Amino acid sequence: ADDTIVAEGVEIATSSSTLTLGATVTPREKTTAYAIELDATGVSLADLASLSPALRDTGVKGHADVALDVAKPVGVTAPSIDGRIGLDGIGARLSDGTAEISQLSSILSFKGRSVTLAPADLRVGGAPARFAARVEDVFAPVVAFELSSTALPLAAVMADAGDDVLREIAASGRLSLTK
């Protein structure tokens, strides 16, 4: 018989929120099965960003409500992720100060191996914009996206761009993310 590790009601507290974690892990000789449940409300993204040196200078802000189940049965190579993350007042910038986004509120929906960001209004460098995205397979990410804005200052996304403004833009496409 295999040993099973069970953790229920584990709470991880930051200065502004508490993450509740439950997990079941069944180690096997050649594979491991697991099921992890994450639930949290009001998670401060600034608190989480402060834990990562790569994110400390990005001004990450906003809050997230998390309700996710991650499971990997024996014999399956990649886990399945189901649930959602509610995003409220999200903001960030590149560490060089360009490409600042703010006021993003939306829902990230996870189903199996895909994730969708519901269409969301946000600000890019202070200009209003709308953004939506979908990743079919989070383990081989290709991001399908749509971005639109009535007026987007180039300086909001490129250093030294001057005062030029892109008007009535609509962009869509696919980005392949590789290592």
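Each chain carries its own residue numbering, running from 1 in the direction its sequence is written. With the structure being a predicted model, the display of local features is reserved for residues of pLDDT at least 70 and the display and counting of side-chain atom pairs for 80 or more, all residues being used for whole-chain, interface and lining totals. Here the side-chain values reflect all heavy atoms present in the structure, with hydrogen atoms and water set aside.

Undergrad: Looking at this model, I keep getting lost on the overall build of the protein. Mind explaining?
TA: A helix here means a DSSP run of H or I that spans at least four residues, while a strand means a run of E at least two residues long, and both kinds are numbered starting from the N terminus. On a plain count of helices and strands, the protein comes out with 1 helix and 10 strands. Seen in sequence order, the protein has helices and strands lined up from the N terminus as β-β-β-α-β-β-β-β-β-β-β. Oriented by its inertia axes, the alpha-carbon framework of the protein measures out at about 70 × 35 × 25 Å. Put simply, the protein has 179 residues, and 28% of those count as buried. Long-range contacts, defined here as pairs at least 24 residues apart, represent 35% of the contacts in the protein between residues at least 6 apart. Accessible surface, the protein: about 10,900 Å² in total, of which carbon and sulfur atoms supply 56%. Residue burial is assigned from relative accessible area. The probe radius is 1.4 Å, only protein chains are included, and a residue is buried under 20% of its type maximum, exposed over 50%, and partly exposed in between. Contact between two residues is taken to exist if any of their heavy atoms lie within 4.5 Å; hydrogens are not considered. To measure how exposed things are, a 1.4 Å probe is used in the Shrake-Rupley method; for residues, cover is taken only from the protein chains shown.

Undergrad: Quick question: what am I supposed to make of the side chain of Ser106 here?
TA: Considering the arrangement of structural elements, one finds Ser106 in strand 6 (residues 101–111). A residue is classified by how much of its surface remains accessible, and Ser106, at 8% relative accessible area, is buried. N or O atoms within 3.5 Å of each other form a polar contact, as long as, within protein, one can give a hydrogen and the other can take it, and as long as residues adjacent in sequence are counted only when both atoms are side-chain atoms. Among the polar contacts listed, one links the side chain of Ser106 to the backbone oxygen of Ala118, at a separation of 2.7 Å. Not counting residues up to four positions away in its chain, the partners in contact with Ser106 are Ile85, Gly86, Leu87, Leu117, Ala118, Pro119 and Ala120.

Undergrad: Mind showing me how you'd approach the side chain of Ser149 here?
TA: Note that Ser149 resides in strand 9 (residues 142–153). Reaching out from Ser149, the side chain makes a polar contact with the backbone oxygen of Pro128 at a distance of 2.7 Å. Among all residues touching Ser149, those that are not within four sequence positions of it are Pro128, Ala129, Glu168 and Ile169.

Undergrad: Even after reading the chapter, I still don't get the pairing of strand 7 (residues 114–124), so can you show me in this structure?
TA: When a strand is regular, its side chains alternate between the sheet's two faces. Sheet topology note: the strand 6/strand 7 ladder contains 6 bridges and is antiparallel. Counted as the bridge partner of Leu108 is Leu117 from strand 7. In this analysis, strands are considered paired if DSSP registers two or more bridges between them. Summarising the sheet, strand 7 and strand 8 (residues 127–135) pair through 8 bridges and their orientation is antiparallel. Its bridge partner being in strand 8, Val115 is matched across the sheet by Val135.

Undergrad: Explanation requested: the confidence of the model for the protein in the structure shown.
TA: Low-confidence regions, as indicated by low pLDDT, have predicted coordinates that should not be scrutinised in detail. Mean pLDDT over the protein: 84, with 92% of residues reaching 70 or higher. Averaged pLDDT values over the elements of the protein bottom out at 72 in strand 2 (residues 18–27) and peak at 95 in strand 6. pLDDT: the predictor's confidence for each residue, scored from 0 to 100.

Undergrad: Would you explain unusual backbone geometry in this entry?
TA: Note: most peptide bonds trans; most residues except glycine with negative phi. Backbone geometry at Gln103 places phi at a positive 55°, although glycine is not the residue there. Its place among the elements puts Gln103 in strand 6. Classification of Gln103 by relative accessible area gives exposed; the value is 53%. Of note in this structure, Glu168 is not a glycine but carries a positive phi near 50°.

Undergrad: Would you take a moment to explain the pairing of strand 6 for this structure?
TA: Pairing of strand 5 (residues 80–92) with strand 6, which is carried by 7 bridges, proceeds in the antiparallel orientation. Of the residues in strand 6, the one forming a bridge with Ile90 is Leu104. Between strand 6 and strand 7, which pair antiparallel in sequence order, lie 2 residues; one of them, Gly112, sits at a positive phi of approximately 70°.

Undergrad: Please explain the nonpolar core as it appears in this structure.
TA: The nonpolar side chains of a soluble globular protein tend to be buried, and buried together. Take the buried Ala, Val, Leu, Ile, Met, Phe, Trp, Tyr and Cys residues and link them wherever side-chain atoms come within 4.5 Å; each set so joined is a nonpolar core. Ranked by size, the top nonpolar core spans 25 residues in total, and within it Leu68, Ile85, Leu87, Phe110 and Val124 carry the most contacts. Mapped onto this core, the elements with two or more residues apiece are strand 3 (32–44), strand 4 (61–72), strand 5, strand 6, strand 7, strand 8 and strand 9.

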